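Listed below, chain by chain, are the residues.
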4 protein chains.
Amino acid sequence: MSRNIFVEKLNQTFIEDLDIEIVERKGIGHPDSISDGIAESVSEALCKMYMDELGGVLHHNTDEVQITAGESNPVFGGGQIIKPIDILLTGRGVSEYEGHKLPLDYVAIDAAKEFLDKTVINLDVNRDTIVECKIGHGSGDLVDVFKREGAPSSNDTSFGVGYAPFSEVETIVFETETLLNSKAFKKDHPGVGEDIKVMGLREGDKITLTIGCATVSKYLANREEYIACRDVLKDIVADLAVKYTDREIEVFVNTADNDNATDESGYYLTVTGTSAEMGDDGSVGRGNRANGLITPCRPMSMEATSGKNPINHVGKIYNILSNEIANDVAKDVEGVKQINLMILSQIGKPIDQPKAASAGIILEDGYEMGKVSPQVEKIIDNWLENITDITEKVVQGKARTF
Amino acid sequence: MSRNIFVEKLNQTFIEDLDIEIVERKGIGHPDSISDGIAESVSEALCKMYMDELGGVLHHNTDEVQITAGESNPVFGGGQIIKPIDILLTGRGVSEYEGHKLPLDYVAIDAAKEFLDKTVINLDVNRDTIVECKIGHGSGDLVDVFKREGAPSSNDTSFGVGYAPFSEVETIVFETETLLNSKAFKKDHPGVGEDIKVMGLREGDKITLTIGCATVSKYLANREEYIACRDVLKDIVADLAVKYTDREIEVFVNTADNDNATDESGYYLTVTGTSAEMGDDGSVGRGNRANGLITPCRPMSMEATSGKNPINHVGKIYNILSNEIANDVAKDVEGVKQINLMILSQIGKPIDQPKAASAGIILEDGYEMGKVSPQVEKIIDNWLENITDITEKVVQGKARTF
Amino acid sequence: MSRNIFVEKLNQTFIEDLDIEIVERKGIGHPDSISDGIAESVSEALCKMYMDELGGVLHHNTDEVQITAGESNPVFGGGQIIKPIDILLTGRGVSEYEGHKLPLDYVAIDAAKEFLDKTVINLDVNRDTIVECKIGHGSGDLVDVFKREGAPSSNDTSFGVGYAPFSEVETIVFETETLLNSKAFKKDHPGVGEDIKVMGLREGDKITLTIGCATVSKYLANREEYIACRDVLKDIVADLAVKYTDREIEVFVNTADNDNATDESGYYLTVTGTSAEMGDDGSVGRGNRANGLITPCRPMSMEATSGKNPINHVGKIYNILSNEIANDVAKDVEGVKQINLMILSQIGKPIDQPKAASAGIILEDGYEMGKVSPQVEKIIDNWLENITDITEKVVQGKARTF
Amino acid sequence: MSRNIFVEKLNQTFIEDLDIEIVERKGIGHPDSISDGIAESVSEALCKMYMDELGGVLHHNTDEVQITAGESNPVFGGGQIIKPIDILLTGRGVSEYEGHKLPLDYVAIDAAKEFLDKTVINLDVNRDTIVECKIGHGSGDLVDVFKREGAPSSNDTSFGVGYAPFSEVETIVFETETLLNSKAFKKDHPGVGEDIKVMGLREGDKITLTIGCATVSKYLANREEYIACRDVLKDIVADLAVKYTDREIEVFVNTADNDNATDESGYYLTVTGTSAEMGDDGSVGRGNRANGLITPCRPMSMEATSGKNPINHVGKIYNILSNEIANDVAKDVEGVKQINLMILSQIGKPIDQPKAASAGIILEDGYEMGKVSPQVEKIIDNWLENITDITEKVVQGKARTF
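The structure presented is a predicted model; accordingly, all values stated were derived computationally and were not measured.

**Concerning the interface of chain D and chain C**
Here is step 1: Contacts between the two partners involve 62 residues from chain D and, on the opposite side, 62 residues from chain C.
Here is step 2: For chain D, the biggest contributors to the area lost against chain C are D:E64, D:R286 and D:M302; these three give 15% of the whole.
Here is step 3: Across the contact surface, chain D and chain C share ten salt bridges.
Here is step 4: In this structure, C:R286 and D:E64 form a salt bridge, with 3.6 Å as the shortest nitrogen-oxygen distance.
Here is step 5: Counting across the interface, chain D meets chain C through 25 residue pairs in polar contact (both at pLDDT 80 or more).
Here is step 6: Classifying every residue of the side of chain D that touches chain C gives 24 nonpolar, 20 polar and 18 charged.

**Side note on helix α8 (residues 314-332) of chain D**
Here is step 1: Taking 1.5 Å as the rise per residue, α8(D) with 19 residues should run 27 Å; its terminal C-alpha atoms sit 25 Å apart, in good agreement.
Here is step 2: Of all 19 residues in α8(D), 15 are buried, a share of seventy percent or more.

**Some points on the packing of aromatic side chains**
Here is step 1: Taken as a whole and judged by the stated rule, the model has 16 aromatic pairs over all chains.
Here is step 2: Relative to A:Y267, the ring of A:Y226 has its centre 4.9 Å away and its plane inclined at 55°; by these criteria the two rings are tilted. You can see A:Y226 sitting in helix α7 (residues 223-241) and its partner A:Y267 sitting in the loop between β14 (248-253) and β15 (269-270), a full 41 residues away along the chain. No difference in accessibility class separates A:Y226 from A:Y267, as the two residues are buried.
Here is step 3: Aromatic pair D:F166 and D:F174: ring centres 6.0 Å apart, planes at 65°, arrangement edge-to-face.
Here is step 4: For D:F174, a relative accessible area of 13% corresponds to the buried category.
Here is step 5: Taken together through their ring pairs, the aromatic side chains of A:F76, A:Y226 and A:Y267 make up a single cluster.
Here is step 6: Just above the ring of A:F14 sits the side chain of A:K337; from NZ or CZ to the centre is 4.6 Å.

**Quick notes on helix α1 (residues 31-54) of chain B**
Since one α-helical turn is 3.6 residues long, residues separated by three or four positions face the same way.
All names here are of chain B.
Here is step 1: Compared with an ideal rise of 1.5 Å per residue, which puts 24 residues at 34 Å, α1 spans 34 Å between its outermost C-alpha atoms and is within 8% of the ideal.
Here is step 2: Across the 24 residues that make up α1, a large majority, 18, are buried.
Here is step 3: Positioned one or two residues after α1, G55 has a phi angle of 85°, which is positive.

**Quick word on the domain arrangement of chain A**
Residue and element names in this part refer to chain A.
Here is step 1: As far as domains go, chain A holds domain 1 (5-17 + 154-166 + 287-395), domain 2 (31-143) and domain 3 (168-283).
Here is step 2: Of note, the centres of domain 1 and domain 3, computed from C-alpha atoms alone, are 32 Å apart.
Here is step 3: Each partner contributes to the interface: domain 1 provides eleven residues, whereas domain 3 provides seven residues.
Here is step 4: Considering only the surface of domain 1 that becomes buried against domain 3, E16, F166 and L293 emerge as the three largest contributors, covering 74% of it.

**A look at the UniProt feature "binding site: ATP" (unreviewed entry) in chain A**
Here is step 1: As recorded in UniProt, the sites labelled "binding site: ATP" (unreviewed entry) are A:G136, A:H137, A:G138, A:S139, A:G140 and A:D141.
Here is step 2: In this view, A:H137 contacts A:R92, A:G93 and A:S95; residues no more than four positions away in its chain are not counted.

**Focus: the relation of the copies chain D and chain C**
Here is step 1: Under the fitted operation, chain D is carried onto chain C by 0.0 Å of movement along the axis and a turn of 180°, and the coordinates agree to an RMSD of 0.0 Å. Given the turn and translation reported, the copies of this chain are related as if by a two-fold rotation axis. Nearest to the rotation axis, the C-alpha of D:Q12 is located 1.9 Å from it, this being the minimum over chain D.
Here is step 2: Looking at the interface residues of chain D, 100% of them are also at the interface in chain C, so both copies use one shared face.

**Overview of the side chain of D:K113**
Here is step 1: Its place among the elements puts D:K113 in helix α2 (residues 104-119).
Here is step 2: Despite its burial, D:K113 remains without a salt bridge, the nearest opposite charge being carried by D:D110 at 6.4 Å.
Here is step 3: Here A:N126 takes part through its backbone oxygen, which lies 2.4 Å from a polar atom of the side chain of D:K113.
Here is step 4: With residues near it in sequence (within four places) discarded, D:K113 still touches A:N126, D:V125, D:N126 and D:V131.

**Notes on the sheet that holds strand β17 (residues 336-344) of chain A**
Adjacent strands of a sheet pair through backbone hydrogen bonds, lying either parallel or antiparallel.
All names here are of chain A.
Here is step 1: Strands sit in the order β1-β18-β17-β11 across an open sheet of four strands; the sheet is mixed. For this open sheet the edge positions go to β1 (5-9) and β11 (159-164), each flanked by a neighbour on one side alone. Neighbour-to-neighbour, the strand axes of the sheet open up by a mean angle of 15°, direction not taken into account.

**Let's talk about the sheet that holds strand β1 (residues 5-9) of chain D**
Residue and element names in this part refer to chain D.
Here is step 1: Here four strands make up an open sheet; going across it, the order is β1-β18-β17-β11 and the pairing mixed. Two strands lie at the open edges of the sheet, namely β1 and β11 (159-164), each paired on one side alone. Direction aside, the axes of adjacent strands within the sheet are offset by 15° on average.
Here is step 2: As judged from the eight bridges shared by strand β17 (residues 336-344) and strand β18 (residues 356-363), these two strands associate in the antiparallel manner. Its bridge partner lying in β18, M342 is registered against S358.
Here is step 3: Where helix α9 (residues 369-385) meets the sheet, it contacts β1, β17 and β18, and its direction lies at approximately 150° from that of β1.

Scoring rules and cut-offs
Residues numbered from 1 in each chain as written. Chains lettered and ligands numbered in written order. Predicted model: local features only at pLDDT ≥ 70, side-chain atom pairs only at ≥ 80, totals over all residues. Heavy atoms only, no water. Contact = heavy atoms within 4.5 Å. Buried area = accessible area lost by both parts, 1.4 Å probe. Salt bridge = Lys/Arg side-chain N within 4 Å of Asp/Glu carboxyl O. Polar contact = N/O pair within 3.5 Å; in protein donor to acceptor, adjacent residues only side chain to side chain. Nonpolar A, V, L, I, M, F, W, Y, C, P; charged D, E, K, R; others polar. Helix = DSSP H or I, 4+ residues; strand = E, 2+ residues; numbered from the N terminus. Expected span 1.5 Å × (residues − 1). Buried < 20%, exposed > 50% of the residue type's maximum accessible area, 1.4 Å probe, protein only. Phe/Tyr/Trp six-rings, centres within 6.5 Å; stacked < 30°, edge-to-face > 60°. Lys NZ or Arg CZ within 6 Å of the ring centre and 35° of its normal. Domains from an automatic or database assignment. UniProt positions renumbered as here; feature names shortened; annotations may be inferred. Least-squares fit on C-alpha atoms with pLDDT ≥ 70 in both. Lys, Arg positive; Asp, Glu negative; His and termini not counted. Pairing = 2+ DSSP bridges. Axes fitted to C-alpha atoms, helices over the stretch in contact; angles between N-to-C directions.

Rendered as structure tokens:
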């Protein structure tokens, strides 16, 4: 059965030629990203539990996490948590299978804590957070989905989107956060927290990067050290950006600071490195899309990719798949300057048979759709044929979801 | 001080000329929409409380609501709730002002329940839901923002987006849900619940509408009545659609149903009309954008518009504003076929002075930017000048946020 | 098989001859009593649900309720709730029986609210409280207990105690609260709340009654009305007391009041009539014993009687039974001046075969144990023989548990 | 001002001469005892926090803890936690003092976890439990109590009771649990959990000890090891008992076991050593009285001693004080065979001036009240004079409360 694949020429300004471009990334310590990360970690852990105990993945969706901010009292050189961060896990899973009880809650909570532990360095997970679990029990018929032959059936009418390649601003925004949250960087700059928001604006050939970055109070002994840290950050980001562009770069860091303040009140200080400790709630699916960015100038899906089951939840699978396909096309098909991709499911139909998989292509000069289209179609068709590779990748924790 | 307003010609295929277009709306009874609605209602109620008691709106953001699904046992002609829906309100507000205690939690819970009561007809709010409140206390310096002279300062570096006019599919998707959830319709068709998801796909000149619609079990005595209801729905939607388009229309309703089933298991039955009663969680900002739709073929913002304070939260204000401006431009400026709008803030700067307000215009044949641009700029500038009108509108509950 | 019944002469001063006697009753609106009442109401409702749906009572214990106080702002003539009272139901029950799902949580929450509604007149249950349910699922083997032939097996090694008759102070304390919380009284004195604590102290022939009584702010327009209400209360209690004793009576009401205060701060005002609205938490089993009193000069059991299942939970059954037996003995056996009774179970043994049922008797002058003992033994034996009458009585809501 | 001290001869059978005596102790790992222990630990930690930060103890009462049982799957030689134990801290404290924020929640949760960690050896606190904190904020006027000169004012009309010396059964019950939960014993018998309930029954000269003891599954490889452990326990307890009595001793351990079972179902196995992991909830004040025992043949107070503030909460102070006084009298006053003590407060009066402190004395043969009474009075008066020593002792964690 042939698939509903459409490849058309995209009549649209190439992303780099737009006058204005906006790109954002919420760093791994932003409350929304933490929520995404927990959701995905919990799903991964449940997949592993089901595989280990039953040899196959049972139904679950853990794509709802609510972080309720705590309270803290950061001071230069120290500070303390006043009230822990509250983390509520919801969603559903199967907790009993043919009379065999599964430690669903236990595994979920454990996975959430482990993610927090490895993600926010200065968070003492067991003392600074409270993780509650209200994950419910999945119904029997949904479970059945996983037992059928062939590709699983779509759990929903939904769609995924992707595009490639990244623009300069997208690359810079992505790489900036990646660098600032890398282990190596943190070693040299322990005062820089994980809650980093990078906002990139390109106006013609001028790129402005506005960075909001929580600092870690115990590593910054005073106002001077804070300001020095902020200045260093600025320089490092500026140096990074020029590797990816010839355009003009301007960097702002913590623009809400009030440098006239002599005490903590004027600066973005935290005890743990994330604003979740003191007022900023978070939840799943409100931040980065599956490619790691928020890009209003690009097609986006509203589906939260993190935490959904990787077997039949098209809201997850199609988003990851769309990005994979788009990247492959951009990389492998000569003449493709830009590709936008949308894949739409219909509930109950096999996931390898989407209602529509639609690619829009901007060609390099001198290329024609007649030659490019078949190659693109083939890549799409091939990925759909092997769609369970996406599942595999997710189960192994190798797919980006936020 | 002049504003950073940019108007450029949009080199992009007009929405109606795209080969593929996808549009989605989550109805007012969808768990994500309920979350949005609660978030916004709570904010409105707090605004009113602050106005009544203090004469001005204090800081708050209630844009986080976590719905944890309940359990139910719907049967043809009846059924019951097994476990209530859990609704957690988070966010923050000011609960004490100059020694005067304010009933923050009480008002918030009340507002949430009132919204539920008026939105989901067959939900017995006090018995079918449990509303908890973990809204925290805002810090003092944020409060200060509201006391300053002139336009308030942006609370964040963020952006809003809008576009106009609606495409045919957008109009149809929007109007379909509006009709099905109208009072008049519900009176005639009590078996149709509020949890209605409308997915529109246009492939060239063919529009497919896929509707997922929770039914209310007590009004459908048996399988035959259910199927009859489903069929009627299909006809009504098809009839509605042709009012807005000459394109071919195909309508699917509850495609996951299994018509071979003789009992409830094969059909989309609920006791209350929302799937939140039995397995579907919900949270704020994961569904419709501020214009009521999810549109991957259009620019979108990730910001949750619902529940944010309407005084200085640009993530809310700029989204509503962008839609207002886009609509005005589309309506009032001759020659504008389509407008996309993005407005970007910088934290700490006055909200009437965005970092960039950027409009992309597709012109009707025969028009030129030279004549159109000044009119567009003027509309944008005028709205920014009167940006607190947005605040006013929100406080009065007159702004759409989801 | 004969039962382990022991009747002995009690070598102890008759209660009325003690120099000092202390008796306390926490009224029905005291947070601990509310907890007891909710626990028992939930158990009753579950019994009813199991009977209605399955024809027999399944395992459950709902003898844990945690009331976390709210916040309020009572003012003369009005006031408001700031933060609702949080009520957590815990314990366990069976929620699924042979594939049939039972609305355990729904019924439990409903029962709790209904109890609150009928008990605390001025509490707007749905707005002033939040009832959560964390009742867990009972294990299978405990369920089996209920299916066996003959008397059920004791669920625990535990004991119940009782005594009779009430002393004068006990009667007065009990009747005082009963009167003040009677419908008739409330009609005439709407300003008197349900949270009434009566402490009786007898020193020789002087009885001091100290009453702590929450008032309902909206019915007391000012300080004068409050004080008038307090004075009336004092007179009414004094008048009541003299009906039951010839001893000297002194009554204190709200001794913590500061009559120099001109505003609310000096008086015991509440919005709803219970201190649970503003700082006093409550839990099950910390207040009145099964006979309605706290009596340090009498034998007492620590077992919470409220909320336990009435089928095999000896901690409940033996407490109620001991009071029934003691009352019957005191009423029906000539020559018995006072009886103390203790019944001890051993886990796993039939509940009609206690490890020991031990009565201590103080005789009236001129009577002998030889004649009295057989009558007492017979009453005890007869009650044990018909021990399921206690179960019946509890299921019908006719047994006092607090 | 002289105190209201009453010493009278107690006309009552000496405890050892009663025909029947019942004594119970819930071991430190029983869910009710864990609740008591947490409540007291939290109060101690708050006292310390207030002392460290402010130099004095502020108002708080943390005498409400609700343990909602988890779920587990113990198997011989192993097993796992399915769902963690839920622990809710409630009560109230002062979290802000003259603008200075205090880490109330953080300290409370930490103290609860530390107590759990040191009390239940095989509990992995951070993985097997979830500790939530809903401790509220105390009102200002109560805080004032602590600032006044002289002895603090009673916070309530309440009473405490005590007696001495322990009877043989009381001593045996107490020492049995103490031994079985001692470090040395646990080292030799790792399979014995902390959730140990000892019930002592004396019928004339026969003492029956019924012990319910959770075992730790990972240390008992099979049914045989379990039964061997149970048998050893029995022997050890029997050996211990004879040190304290010449009466006949019979010991039962885990009488609900079904030795015909070949798998775990027939035995009292747990993963962690406490039944809180799998079905038994717990709360404060429902178990042992302040002297560590439940004694229906002795006077008891219903007040939860654990978790109340040690400054002015007479429900705590008078219970501890009564036991101290009773012990001193029994030890130091020649001729005192038994003493029962009750101390009653009146709200608002200084705690060193009780409404009544009433001692009942059973004399040794050949002694007279005339000589004994003044000594008893003096001891009582002296303790009341130095009542803040009790506070001191509690703050230092040296007072038994359960």
